[in-house]
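Structural description and commentary
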Amino acid sequence: DFWDNKTAIYHDLGKYTVDAYEERIRSLLRPYASASPPSQPMFLYFAEQQLHIPLQAPPEPEYLEACRSVRGGSGQVNRTILCSMASRLDRSVGRLVESLKI
């Protein structure tokens, strides 16, 4: 379930969770990147839940392709998918960090 305070969020159903979280965080940060940011500071706690079961590869094929060489026991497919998920999360966090540099 996705919630924004006490409001259930339905418009993000079916969206890759990293994308949904990144969009929401960007909307929260947007006022602080303006020429006249709010006078009150903001505290943002972002606890990403991307790397968990069920393993779901990102929709962009380049992440899965980049992780095809990951090796490791009988769970080879799972390790490849987990690698692609971590790579996609890393890109998202990197974009959020860049958006904070004003």
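Residues numbered from 1 in each chain as written. Predicted model: local features only at pLDDT ≥ 70, side-chain atom pairs only at ≥ 80, totals over all residues. Heavy atoms only, no water.

A few words now on the packing of aromatic side chains. The way to describe two aromatic rings as a pair is by their centre distance and the angle between their planes. A full pass over the atoms with the stated rule returns one aromatic pair. Ring centres 6.2 Å apart and planes at 70° place the aromatic pair Tyr 21 and Phe 46 in the edge-to-face group. You can see Tyr 21 sitting in helix α1 (residues 17-29) and its partner Phe 46 sitting in the loop between α1 and α2 (61-66), a full 25 residues away along the chain. Overall, Tyr 21 belongs to the partly exposed group, its relative accessible area being 23%. What makes Phe 46 partly exposed here is its relative accessible area of 31%. (Phe/Tyr/Trp six-rings, centres within 6.5 Å; stacked < 30°, edge-to-face > 60°. Helix = DSSP H or I, 4+ residues; strand = E, 2+ residues; numbered from the N terminus. Buried < 20%, exposed > 50% of the residue type's maximum accessible area, 1.4 Å probe, protein only.)

Bringing the state of the cysteines into the picture now. Within this structure, the stated rule accounts for one disulfide. Here Cys 67 is linked by a disulfide to Cys 83, with a sulfur-sulfur distance of 2.2 Å. Judged by the sign of its S-S torsion, about -65°, the bond between Cys 67 and Cys 83 is left-handed. Of this pair, Cys 67 sits in the loop between α2 and α3 (76-100) while Cys 83 sits in helix α3, and the two are 16 residues apart along the sequence. Residue Cys 83 is classed as partly exposed on the basis of its relative accessible area, which comes to 22%. (Disulfide = S-S within 2.5 Å.)

A word on the nonpolar core. Counting residues in each nonpolar core, the largest one holds five residues, listed as Tyr 16, Val 18, Ile 81, Met 85 and Leu 89. Take this core: its biggest share by element is three residues, from α3. Filtering out sequence-adjacent residues up to four positions away, Met 85 remains in contact with Tyr 16, Gln 50, Leu 51, His 52, Pro 54, Leu 55, Gln 56, Ala 57 and Pro 58. (Core = buried A, V, L, I, M, F, W, Y, C linked by side-chain atoms within 4.5 Å. Contact = heavy atoms within 4.5 Å.)

Look at the link from Ile 53 to Pro 54: it is a cis peptide, with omega at 5°. Mapped onto the secondary structure, Pro 54 falls in the loop between α1 and α2. Within the chain, Asn 5 stands out as a residue other than glycine whose phi angle is a positive 60°. If you trace the backbone, Asn 5 turns up in the loop between β1 (3-4) and β2 (7-8). Residue classification places Asn 5 among the exposed positions, given a relative accessible area of 73%.

Here we come to the pattern of salt bridges. Taken as a whole and judged by the stated rule, the model has seven salt bridges. In this structure, the salt-bridge partner of Glu 60 is Arg 88, at a minimum N-O distance of 3.2 Å. In this pair, Glu 60 sits in the loop between α1 and α2 while Arg 88 sits in helix α3, placing the two residues 28 residues apart along the sequence. Owing to a relative accessible area of 1%, Arg 88 belongs among the buried residues under this scheme. When salt bridges that share partners are traced, they join Asp 19, Glu 60 and Arg 88 into one network. (Salt bridge = Lys/Arg side-chain N within 4 Å of Asp/Glu carboxyl O.)

Taking 1.5 Å as the rise per residue, α1 with 13 residues should run 18 Å; its terminal C-alpha atoms sit 18 Å apart, in good agreement. Within the span of α1, buried status applies to Thr 17, Val 18, Asp 19, Ala 20, Glu 22, Ile 25 and Leu 29. The inward-facing, buried residues of α1 abut α3. (Expected span 1.5 Å × (residues − 1).)

Remember, this is a structural readout, not a statement about activity or role.
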